[in-house]
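Topology and contacts: notes
Read off the chains here:
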Amino acid sequence: MSDAPLIAGVELGGTKCIAVVARGTEILRERRLPTTDPATTLAGLSEALAEWQAEMPFTALGIGTFGPARVSPEAADCGQILPTPKPGWTGARVLDHFADRFAVPMAFDTDVGAAALAEGRWGRARGCSTHAYVTVGTGIGIGIVANGQVLHGALHPEAGHLRVRRRRDDAFAGVCPFHGDCLEGLASGPAIAARIGGDATHIADDHPVWSDVGAELGELMATLILTVSPECIVIGGGVGGGRPALLDRIRDATAGALAGYVPGADRAALETLIGPPGLEARAGPMGALALALSTLD
């Protein structure tokens, strides 16, 4: 790795942010900050990068951010956060902040798009041409890679705001400020906390809430399989990535939703098709590094 270029990455998450400098896949420096207001958060990240740039000049910077965000390089507002439930962040010009401070090639994408790229390059989805990364945490986001490229269109995938089938007697209204009971409003960390009236971090795997969450996320998996036909779906995030029992519920619900229709996606096959990140908790920052490398490929 000694001849690999020095690269930097920034992961902007809904709860925390991470800045890193790496050579190849070896992270040499890392700084973690809480996600507060844009001015404070972006200043803290750029100060860390400036400190490292003086010590070990990096040649490219990748930025992965929570969304929605404008990711098309042709757009006049590329690099800007679009209307978001995250207080104070709508309109934040993230890419401009770093471009004004560092004269290196930069790539900008969603955090889930970046994580999908990293899982394809180094992780669970290595060798797959089409795969997806789903994060279930503060929000629910989906990144899709097709033929080695993060999928974009007019915007980027926002499948976390799909509405899904629910248990008929479930009266929970949901917490999404835009849609109420969309998937993010039902199965994200804040939604689960609202359902049980407390922090979901330490509740037991047999708590009834996981039955609903697993079923609802299984609806999303089935939708992705039917529309994108991925070779691999990685589930990460503070809720999704840390509970093997939840993954089993999701696989069960996915198989039920597909009802045997898709060849190669029966319950046994879903053990391989749907799983946790190969990069574990590093999927986010490694995604930002994958973006940086894409400017040098």
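Predicted model only: the values in this text are computed from it and were never measured.

**Considering the sheet that holds strand E3 (residues 26-34)**
Read from one edge of the open sheet, 5 strands run E3-E2-E1-E4-E5, paired in mixed fashion. One side of each edge strand has no neighbouring strand; the edge strands of this open sheet are E3 and strand E5 (106-110). Strand-to-strand, the axes of this sheet are offset by a mean angle of 15°, without reference to chain direction. Relative to strand E4 (residues 61-65), strand E1 (residues 6-12) runs parallel, the two sharing 5 bridges. Each residue of the ladder has a partner; that of Ala8, found in E4, is Leu61. Across the sheet, helix H1 (residues 38-55) lies against E1, strand E2 (16-23), E3 and E4, angled at about 155° from E3, the strand it touches most. Running at roughly 105° to E5, helix H3 (residues 111-122) makes contact with E1, E4 and E5 of the sheet.

**What to know about helix H8 (residues 244-258)**
With 15 residues, H8 extends 21 Å between its outermost C-alpha atoms, agreeing within 8% with the 21 Å of an ideal straight helix rising 1.5 Å per residue. Here H8 has its buried residues at Leu246, Leu247, Ile250, Arg251, Thr254, Ala255 and Leu258. Those residues of H8 that are buried lie in contact with helix H6 (209-227), strand E9 (232-236), helix H7 (237-240), helix H9 (267-273) and strand E10 (274-275). Of the residues flanking the end of H8, it is Ala259, one or two places downstream, whose phi is positive at about 55°.

**A closer look at the side chain of Gln80**
Relative to the assigned elements, Gln80 resides in the loop between E4 and helix H2 (94-99). On the basis of relative accessibility, which here comes to 16%, the residue Gln80 falls in the buried class.

**Re the environment of Thr15**
Mapping Thr15 onto the fold places it in the loop between E1 and E2. Each C-alpha atom of the pair Thr15 and Ala283 lies 16 Å from the other, and the pair is 268 residues apart in sequence. In this view, Thr15 contacts Pro34, Thr35 and Thr138; residues no more than four positions away in its chain are not counted. Within the local environment of Thr15, its side chain forms a polar contact with the side chain of Thr138, the two groups lying 2.7 Å apart.

**Focus: unusual backbone geometry**
Residues Gly67 and Pro68 are joined by a peptide bond in cis, for which omega reads 0°. Tracing the sequence through the fold places Pro68 in the loop between E4 and H2. We note that Asn147 has phi near 55°; this positive angle belongs to a residue other than glycine. Mapping Asn147 onto the fold places it in the loop between strand E7 (140-146) and strand E8 (149-150). Its relative accessible area of 66% is what places Asn147 among the exposed residues.

**Side note on the pattern of salt bridges**
Two side chains bearing opposite charge may form a pair once their charged atoms approach each other closely. This structure, assessed with the given rule, holds 19 salt bridges. Between Glu55 and Arg29 there is a salt bridge; the shortest N-O distance is 2.4 Å. Separated by 26 residues along the polypeptide, Glu55 in helix H1 and Arg29 in strand E3 bring together distant segments of the chain. The exposure class of Arg29 is partly exposed, given its relative accessible area of 30%. For Asp181, the salt bridge goes to Arg163, with nearest N and O atoms at 3.2 Å. Of the two residues, Asp181 is situated in the loop between E8 and helix H4 (183-187) and Arg163 in the loop between E8 and H4; the sequence distance between them amounts to 18 residues. Salt bridges linked by common partners bring Arg163, Arg166, Asp170, Asp181, Arg195 and Glu216 together as one network.

**Overview of helix H10 (residues 283-294)**
Helix length check: H10, at 12 residues, gives a terminal C-alpha distance of 16 Å against a target of 16 Å (1.5 Å per residue), a fit within 8%. Here H10 lies mainly inside the structure; 11 of its 12 residues are buried.

**With respect to the pairing of E4**
Of all the 5 residues making up E4, 5 are buried; the element is thus mostly covered by neighbouring parts of the structure. Burial along E4 is two-sided: Leu61, Ile63 and Thr65 and Gly62 and Gly64, pointing in opposite directions, are all buried. In this structure, E4 lies alongside E5, joined through 5 bridges in parallel fashion. Paired with Ile63 across the two strands is Phe108, which belongs to E5. Following the chain from E4 across H2 to the adjacent parallel E5, one finds a crossover that is right-handed.

Parameters and conventions
Once a new chain begins, its residue numbering starts again from 1 and follows that chain's sequence as written. Local features in this predicted model are restricted to residues of pLDDT 70 or higher, and side-chain atom pairs are both shown and tallied only at a pLDDT of 80 or more, whereas totals for entire chains, interfaces and linings draw on every residue. Side-chain figures throughout are based on the complete set of non-hydrogen atoms in the structure, without hydrogens or water. Criterion used throughout: strands pair if DSSP finds at least two bridges between them. Note on conventions: DSSP H or I runs of at least 4 residues are helices, E runs of at least 2 residues are strands, and numbering of each starts at the N terminus. Axis definition: a line fit to C-alpha positions, over the contact stretch in the case of helices; interaxial angles, taken between N-to-C directions, run 0 to 180 degrees. Only heavy atoms enter the contact rule, under which two residues are in contact if any of them lie within 4.5 Å. Expected span, for any helix, means 1.5 Å times one less than how many residues it has. Throughout, exposure labels follow a simple rule: accessible area from a 1.4 Å probe, protein chains only, divided by the maximum for the residue type, with under 20% read as buried, over 50% as exposed, and the rest as partly exposed. Two N or O atoms count as a polar contact when they lie within 3.5 Å, although within protein this holds only if one can serve as hydrogen donor and the other as acceptor, and sequence-adjacent residues are included solely when both atoms are side-chain atoms. One side-chain nitrogen of Lys or Arg within 4 Å of one carboxyl oxygen of Asp or Glu is enough to make a salt bridge. Handedness rule for crossovers: strands pointing away from the viewer, path from the first strand over the helix to the second running clockwise, crossover right-handed.

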